[in-house]
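Structural overview for review
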Amino acid sequence: MSDIVEKTLTALPGLFLQNQPGGGPAAAKASFSSRLGSLVRGITALTSKHEEEKLIQQELSSLKATVSAPTTTLKMMKECMVRLIYCEMLGYDASFGYIHAIKLAQQGNLLEKRVGYLAVSLFLHESHELLLLLVNTVVKDLQSTNLVEVCMALTVVSQIFPREMIPAVLPLIEDKLQHSKEIVRRKAVLALYKFHLIAPNQVQHIHIKFRKALCDRDVGVMAASLHIYLRMIKENSSGYKDLTGSFVTILKQVVGGKLPVEFNYHSVPAPWLQIQLLRILGLLGKDDQRTSELMYDVLDESLRRAELNHNVTYAILFECVHTVYSIYPKSELLEKAAKCIGKFVLSPKINLKYLGLKALTYVIQQDPTLALQHQMTIIECLDHLDPIIKRETLELLYRITNAQNITVIVQKMLEYLHQSKEEYVIVNLVGKIAELAEKYAPDNAWFIQTMNAVFSVGGDVMHPDIPNNFLRLLAEGFDDETEDQQLRLYAVQSYLTLLDMENVFYPQRFLQVMSWVLGEYSYLLDKEMPEEVIAKLYKLLMNDSVSSETKAWLIAAVTKLTSQAHSSNTVERLIHEFTISLDTCMRQHAFELKHLHENVELMKSLLPVDRSCEDLVVDASLSFLDGFVAEGLSQGAAPYKPHHQRQEEKLSQEKVLNFEPYGLSFSSSGFTGRQSPAGISLGSDVSGNSAETGLKETNSLKLEGIKKLWGKEGYLPKKESKTGDESGALPVPQESIMENVDQAITKKDQSQVLTQSKEEKEKQLLASSLFVGLGSESTINLLGKADTVSHKFRRKSKVKEAKSGETTSTHNMTCSSFSSLSNVAYEDDYYSNTLHDTGDKELKKFSLSSELLDSESLTELPLVEKFSYCSLSTPSLFANNNMEIFHPPQSTAASVAKESSLASSFLEETTEYMHSNAMEVCNNETISVSSYKIWKDDCLLMVWSVTNKSGLELKSADLEIFPAENFKVTEQPGCCLPVMEAESTKSFQYSVQIEKPFTEGNLTGFISYHMMDTHSAQLEFSVNLSLLDFIRPLKISSDDFGKLWLSFANDVKQNVKMSESQAALPSALKTLQQKLRLHIIEIIGNEGLLACQLLPSIPCLLHCRVHADILALWFRSSCSTLPDYLLYQCQKVMEGS
Amino acid sequence: MQFMLLFSRQGKLRLQKWYVPLSDKEKKKITRELVQTVLARKPKMCSFLEWRDLKIVYKRYASLYFCCAIEDQDNELITLEIIHRYVELLDKYFGSVCELDIIFNFEKAYFILDEFLLGGEVQETSKKNVLKAIEQADLLQEDSKPRSTRLHSCVKS
């Protein structure tokens, strides 16, 4: 650090004479005479908000004049900047000064620069356009020889930097990792951390440098690198298991007090570092016994060492407990951790108590008895004055809810709900109550009443799934029909009572639920006439506080009831009122009702009683309109074009000048909107295609609230996953809660000595009702997931549900887009499955296309047939590709039938796919290993063939691949060969899957073998994999392209100059097809549509357009990073050829 | 850490540092809501708050509230220590810090914060090192550092 002083001193000798920090009273005067001082004092002197506003506006306008005056010196500018920051902090807009902040950072001397940078970091946000102007300054300062300037630049980069300009500074920052000063290296690492956060793909090639930082001789730099590691391990823990040992060693050293004293904090060694390491270990050891075993010792030591009664040791302890419970369990450690949790829970300090409860919530599923131990504390916390403590307690109770304690817990939750006003809390709690009620409701009355409370409090803020699920539950019912009817009847009765109350306002959603239920199930009432229900609904309809959406629901209910009613005065009055309504929607409904009302027979057939769950056949394609459309077309009408297409056409007509930016790509550019370029291309041939446009029509017709009632399935489900796996309900044990309480009390009497005032007894009573079913005898109940608990309100599983509503279209879309792919994949799966008989793998592969292929039937075919099939099939996939296709020697093919050795059968299998030439990766005097890649349709198959060059037999030759980040490597069977004969060749094959997009990566491994039982040897090798190894063509139609295009949010645009040899679109696309394996869907004029997918199934679409020798590329994908990578590859290809 | 706010007992914002990109409107809304919620809490209550999907950790030193927003899985106690260390840094730098020091020299408070926390993560925990870095840069400062009469002794420990 002394260097800083030296350098800055030589740079600015005149300034050194100024006073030291911590000056005297003279200094105070100086400040009070400063402008900021007077501003601050002026403001504090004011009494009203209005006066303050006036003063600040005055100040701002004078500042505005000053900063834009040419005579203003930088020194004055610095002063102004400070005042501007102050004004902004008070909430006033000072945006006119932003540009001057950048200028100050650029032009000022060190002092002014410092303020300029600070102002920039406070004023601007990451995507602010002015930020681009800062890049040059940063680049200049990073290259400065003055340490302070470098530090300032790094500080600002670590806080705020435009994503797309990272490449401009990245090399400079990488250089700084080798800087001699610790502070520079540390800041450089943090800058890279920032880059990793905002654009992980931009820094992934320097992972090796992160490792260097981790090994830095300075603790500060190492600690900084842990931020990056924590983030990366969170995303993909499997890639960093090899570092576990290092992290453990570091933690051991820290815990053992081996760090310099300056890292101590209140005599605790580097607490921040410890916590960071503990978090990393927790992530690494999760579900991984081998890795966890490495850390048991150090965790034990951490728990032991943290005894000091200081806040910071509790922080470490808490993290340690968390880690112990996240990794593969070890009973000793768990015991100690449980004791620690006890310390927290029982602590008189409220912060620690809170954390104790928090710890209990996450260990409760593993260790329910722990909650039992602390039940009295939990009960106390339930009535705690601090709502935060209460809330955490409820969270804990939520996780231990079962069929026996549900009523007590939900009651507590409702109590809390009634007190809270914060929307976020209400939404959260209401969701939990609804979930519990659905799962464990003891009886009908309780269920309906609880849901009533949920609806009236949750009202219009709750998640829309809650009322939808509730209605679906009512409509679909359970196995027992009488039970269902009772539930419905109870609901109807309870709603009628609620509606009878005067001057009570219910949330709109609740009213909607009521109107639907009343419309559907009022027929269950004996005494109440439909007329009376209609009258009640009518009253609501005339109420001004009811929204028009709710009115649509109400009128739908009235419509349903009209067919059951005898006299219909109210209905007539209603029709009369609403046919002249100003609301067009209401008028429409009223007219519909009117027409139906005139024809009672039609009405009855149209609105049958209790049929909401039956399927309606809907002609989604609107084919009955075909004749009408044809007639229209023949009379010269223009063919229908979807909205996005019309808009795109309009845009393209307007576009005379090329507004697209040159050079830089702004991938997140919003101005392009979401129009489909496919739309343009399809313009000519879509015309009246009723199948596609028809679908759109039906969607738009369904928009009205009332139409939802008439959807294909009654209520359109959104949560498919919930319903899929459950199959029918079990009867409920109708125990009353009081019985449980009694049981629990007797249990308690045996185990506990009771000391007690009356209040105490009440608490115990509560405890026993809360913690019933939690003991060791019924731990299973505790785990909410264990379905042994009888669920009263289960929904029936319905396969058809998956197909209803809007989900259909997207569903179909993905299916069709993959159908071609899976057909191609067909043969491949076929061979590999049957030859290697790996059932598990098969399941995985087919998960994509399970609906399209019947996988089981394939495997049942006799073996001989398969081989014949194999030889018949032609390599159609890459038929028009100029890459060479590997043909196995005839002899091998012939021997397949006899010899089922892996290597040869494997060769047979691979003939269908492209593969690279074999390349020697390593060798010695005994063996040589060469590898090649086979680009299979569903994965990359890496083949290493090991040749034994020596004349000796090799024993237990084994090839192993190190786990690599980004990749998932699966061993194909037969990798460990016991004996390898002299001068023979064996192949090892691994299928490689990619876990997230990247540009390039390495796969390393080693081969080990024994020679004559004595001498063992090992040989390492590595191969380079590129993203292109995982790109496959995606064969979809132009229509599917259009739909997919609209559904993807991530897009990237870029213009690429084409070389002369490929100046025409077709040849350019051909290049892309050959080099990048993109599939050309269609070429229309000067536009082309291409598609590909990143294995296993991330689609990416490309739209190309040619202007002169510029090729405009436009990518879209469901994955945010893939377009960037592909663009990079495209550029390489286009510029390279 | 998502952001850090310093505000007075009267609800006046004294310092704000945002580590996540948010619009100005949102920042104002968050600040207003948080200041209200925190000021409404009683002294014996827990220093942690659940607020939307964030955890708020706050602590009062004399007339100033220090308030940090962290994510749910972050460690609340260590965040309290971050606040404490920041107060210690201010205290050492200003020499028994008070609210007025921060009002009149808020840019210094920012400089100290940037040397201690960078991009929302702890950068340097050693008091000595942070202040060394600040003082090196300060040596260039021709402005004197103002002092005001002490109102309170802010740091308890």
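Residues numbered from 1 in each chain as written. Chains lettered and ligands numbered in written order. Predicted model: local features only at pLDDT ≥ 70, side-chain atom pairs only at ≥ 80, totals over all residues. Heavy atoms only, no water.

An unreviewed UniProt entry annotates chain B as AP complex subunit sigma originating from Pan troglodytes. As recorded by UniProt, the Sequence similarities (unreviewed entry) comment attached to chain B reads in full: "Belongs to the adaptor complexes small subunit family." (UniProt positions renumbered as here; feature names shortened; annotations may be inferred.)

Named according to an unreviewed UniProt entry, chain A is AP-4 complex subunit epsilon originating from Pan troglodytes. The UniProt entry for chain A carries the following comment under Sequence similarities (unreviewed entry): "Belongs to the adaptor complexes large subunit family." Chain A has a UniProt comment under Subcellular location (unreviewed entry) that states "Golgi apparatus, trans-Golgi network membrane".

With respect to the helices, strands and loops of the structure, Thr 377 of chain A is situated in helix H22 (residues 375-382). Discounting residues that sit within four places of it in the chain, Thr 377 of chain A has contacts with Val 345, Leu 346 and Lys 353 of chain A. (Helix = DSSP H or I, 4+ residues; strand = E, 2+ residues; numbered from the N terminus. Contact = heavy atoms within 4.5 Å.)

Side chains of nonpolar character tend, in soluble globular proteins, to be buried together. Counting 294 residues, the largest nonpolar core has Phe 247 of chain A together with Tyr 86 of chain B as its most contacted members. The leading source of residues in this core is helix H2 (residues 76-94) of chain B, at 11 residues. For Tyr 86 of chain B, the contacting residues outside a window of four places in its chain are Met 4, Leu 6, Leu 15, Phe 66, Ala 109, Tyr 110, Ile 112, Leu 113 and Phe 116 of chain B. Leu 940, Cys 1119, Leu 1122 and Leu 1127 of chain A belong to the second largest nonpolar core, which has 61 residues in total. (Core = buried A, V, L, I, M, F, W, Y, C linked by side-chain atoms within 4.5 Å. Buried < 20%, exposed > 50% of the residue type's maximum accessible area, 1.4 Å probe, protein only.)

Before going further, it helps to examine the interface of chain B and chain A. At the interface, 69 residues of chain B touch 82 residues of chain A. Taken together, the two surfaces of chain B and chain A that pack against each other cover about 7100 Å², and 58% of this comes from carbon and sulfur. Linking chain B with chain A are eight salt bridges. Here Lys 128 of chain B makes a salt bridge to Glu 262 of chain A, at a shortest N to O gap of 3.8 Å. Between chain B and chain A we count 23 residue pairs in polar contact (both at pLDDT 80 or more) in total. Among the secondary structure elements, those contributing two or more residues to the side of chain B that touches chain A are strand S2 (13-18), helix H1 (24-40), strand S3 (48-51), H2, helix H3 (99-104), helix H4 (106-116), strand S7 (121-122) and helix H5 (127-138) of chain B. It is H2 of chain B that provides the largest number of residues to the side of chain B that touches chain A, a total of 10 residues. Its residues placed into classes, the side of chain B that touches chain A shows 26 nonpolar, 13 polar and 30 charged. (Buried area = accessible area lost by both parts, 1.4 Å probe. Salt bridge = Lys/Arg side-chain N within 4 Å of Asp/Glu carboxyl O. Polar contact = N/O pair within 3.5 Å; in protein donor to acceptor, adjacent residues only side chain to side chain. Nonpolar A, V, L, I, M, F, W, Y, C, P; charged D, E, K, R; others polar.)

The geometry of helix H18 (residues 311-326) of chain A relative to H2 of chain B is characterised by a closest axis approach of 8 Å and an angle of 145 degrees between their N-to-C directions. For the pair H18 of chain A and H2 of chain B, the sense of crossing is left-handed. Between H18 of chain A and H2 of chain B, the residues in contact are Asn 311, Val 312, Tyr 314, Ala 315 and Phe 318 of chain A and Glu 76, Leu 77, Ile 78, Leu 80 and Glu 81 of chain B, respectively. Residues that form the contact of H18 of chain A with H2 of chain B fall into these classes: seven nonpolar, one polar and two charged. (Axes fitted to C-alpha atoms, helices over the stretch in contact; angles between N-to-C directions. Left-handed = near helix turned anticlockwise from the far one by under 90°.)

Below, the discussion takes up a nonpolar patch on the surface. Together, Phe 624, Leu 625, Phe 628, Val 629 and Leu 633 of chain A line one region of the surface with nonpolar side chains, adding up to about 490 Å² of accessible area. If you trace the backbone, Phe 624 of chain A turns up in the loop between helix H34 (600-606) and helix H35 (626-634). (Patch = residues over 30% accessible without salt bridge, like charges linked within 9 Å, V, L, I, M, F, W, Y side chains within 5 Å. Areas by Shrake-Rupley, 256 points an atom, 1.4 Å probe, with all protein chains shown as cover.)

What follows covers the sheet that holds strand S3 (residues 919-923) of chain A. Residues and elements named next belong to chain A. Strand order in the open sheet formed by five strands is S3-S4-S5-S9-S7, and the pairing between neighbours is antiparallel. Either end of the sheet is taken by a strand with one partner, and the two such strands are S3 and strand S7 (967-971). Between one strand axis and the next, the sheet turns by 30 degrees as a mean value, whatever way the strands run. Here four bridges tie S3 to strand S4 (residues 927-935), and the two strands are oriented antiparallel to one another. (Pairing = 2+ DSSP bridges.)

Attention now moves to unusual backbone geometry. Residues and elements named next belong to chain A. Residues other than glycine seldom take positive phi values, yet Ser 267 does so here, at roughly 60 degrees. Counting through the fold element by element, Ser 267 comes out in the loop between strand S1 (264-265) and strand S2 (268-269). Judged by its relative accessible area of 55%, Ser 267 is exposed. Within the chain, Ala 270 stands out as a residue other than glycine whose phi angle is a positive 35 degrees. Here Ala 270 is to be found in the loop between S2 and helix H16 (271-285). The buried category is assigned to Ala 270, whose relative accessible area is 6%.

We now examine the pattern of salt bridges. Residue and element names in this part refer to chain A. Under the criterion given, the structure shown has 35 salt bridges over all chains. Between Glu 52 and Lys 49 there is a salt bridge, with the nearest N and O atoms lying 3.7 Å from each other. In this pair, Glu 52 and Lys 49 are both assigned in helix H4 (residues 49-68), three residues apart and thus about one turn of the helix distant. Residue classification places Glu 52 among the buried positions, given a relative accessible area of 6%. Among the salt bridges present, the one from Arg 399 reaches Glu 395, with a minimum N-O distance of 3.1 Å.

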